[in-house]
Amino acid sequence: MRTRVRAGDPDVFGELFDRYARTVYNHAFRLTADWSVAEDVMSATFMEAWRLRDRVAEEGGSLRPWLLGIATNLARNHCRSNRRYRAAAAALAATGPSVVEMPDHAEEVVGQVDDRRRIAATVTAIGALRRAEREVLILCLWEGLEYAEAAEALGVPVGTVRSRLSRARTKLRKLAHAELATERRELTRRSRQTERDRAIAVRPVPEGHR
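The sections below set out a description of the structure shown in this document. (Residues numbered from 1 in each chain as written. Predicted model: local features only at pLDDT ≥ 70, side-chain atom pairs only at ≥ 80, totals over all residues. Heavy atoms only, no water.)

### Let's talk about the packing of aromatic side chains
Right, so step 1: Throughout the structure, instances matching the rule amount to four aromatic pairs.
Right, so step 2: When the ring of Phe13 is compared with that of Trp50, the centres are 5.0 Å apart and the planes differ by 70 degrees; the resulting orientation is edge-to-face. Residue Phe13 is located in helix H2 (residues 10–32), and its partner Trp50 is located in helix H3 (residues 35–51); the two are separated by 37 residues in the primary sequence.
Right, so step 3: Aromatic side chains Phe29 and Trp35 sit 3.6 Å apart centroid to centroid with 0 degrees between the ring planes, which places their arrangement in the stacked category.
Right, so step 4: Residue classification places Phe29 among the buried residues on the basis of a relative accessible area of 4%.
Right, so step 5: Within the aromatic cluster, the residues linked to one another by ring pairs are Tyr25, Phe29 and Trp35.
Right, so step 6: Positioned over the ring face of Trp50 is Arg53, at 4.2 Å from the centre of the ring. (Phe/Tyr/Trp six-rings, centres within 6.5 Å; stacked < 30°, edge-to-face > 60°. Helix = DSSP H or I, 4+ residues; strand = E, 2+ residues; numbered from the N terminus. Buried < 20%, exposed > 50% of the residue type's maximum accessible area, 1.4 Å probe, protein only. Lys NZ or Arg CZ within 6 Å of the ring centre and 35° of its normal.)

### Notes on H2
Right, so step 1: By the largest-angle criterion, Tyr20 marks the main kink of H2, which is about 55 degrees.
Right, so step 2: Taken together, the buried positions of H2 are occupied by Val12, Phe13, Leu16, Tyr20, Ala21, Val24, His27, Ala28, Phe29, Leu31 and Thr32.
Right, so step 3: You can read the cap of H2 off the contacts: a side-chain oxygen lies 2.9 Å from the backbone nitrogen of Asp11, and it is on Asp9.
Right, so step 4: In the segment just after H2, Ala33 is the residue with positive phi, at about 60 degrees. (Bend = angle between axes of the 7 residues up to and from the residue. Polar contact = N/O pair within 3.5 Å; in protein donor to acceptor, adjacent residues only side chain to side chain.)

### Section: the pattern of salt bridges
Pairing is possible between side chains that carry opposite charge, provided their charged atoms lie close to one another.
Right, so step 1: Taken as a whole, this structure holds eleven salt bridges when the rule is applied.
Right, so step 2: Across the pair Arg6 and Glu58 runs a salt bridge whose closest N-O atoms are separated by 3.8 Å. You can see Arg6 sitting in helix H1 (residues 2–6) and its partner Glu58 sitting in the loop between H3 and helix H4 (64–76), a full 52 residues away along the chain.
Right, so step 3: On the basis of relative accessible area, Arg6 is assigned to the partly exposed category, the value being 33%.
Right, so step 4: Linked through salt bridges whose partners overlap, the residues forming this network are Arg130, Glu133, Arg167 and Lys171. (Salt bridge = Lys/Arg side-chain N within 4 Å of Asp/Glu carboxyl O.)

In structure tokens:
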């Protein structure tokens, strides 16, 4: 397949699109937290792959890391600042767990993500990571790339991938736990306020005020 890609065979690019379009789309969404932007990134990824076809090595395995690397670079143009990503992530978290799936092997990072609060906290925490940390986390945990594949996708040494992923895991765990703690305190405050409001509503009116 690599030889055909390098030769610019239109049919093989059609095969690539059929095989990896959904993967690239989901990856772009996780990087941008915006479905519309993800669609633009996905389309641009395959156009860029065509332009860069002569850079594909003749020997190697799956072209998935290469495509994810292109998508990652393109997504950077849409989320150059964490502020923009955090805004999109906050909107995403408010929609509930149906839009994001955490992989089973991410349990070690933030625990069993099985309810809306944990997912919302995780998404918010991811938005607080540095872009480089977020990229390697998504590539290695969500996409399941090996360190060498992630290094290829990002154009950095394997050692850099390892160190970034280690930092990202530690920060994500702390941030997600802090976010959950904040939400629990807010829920407790609201619950107590509701109880006080109910107590006032059912309080008997003194005889002289009837």
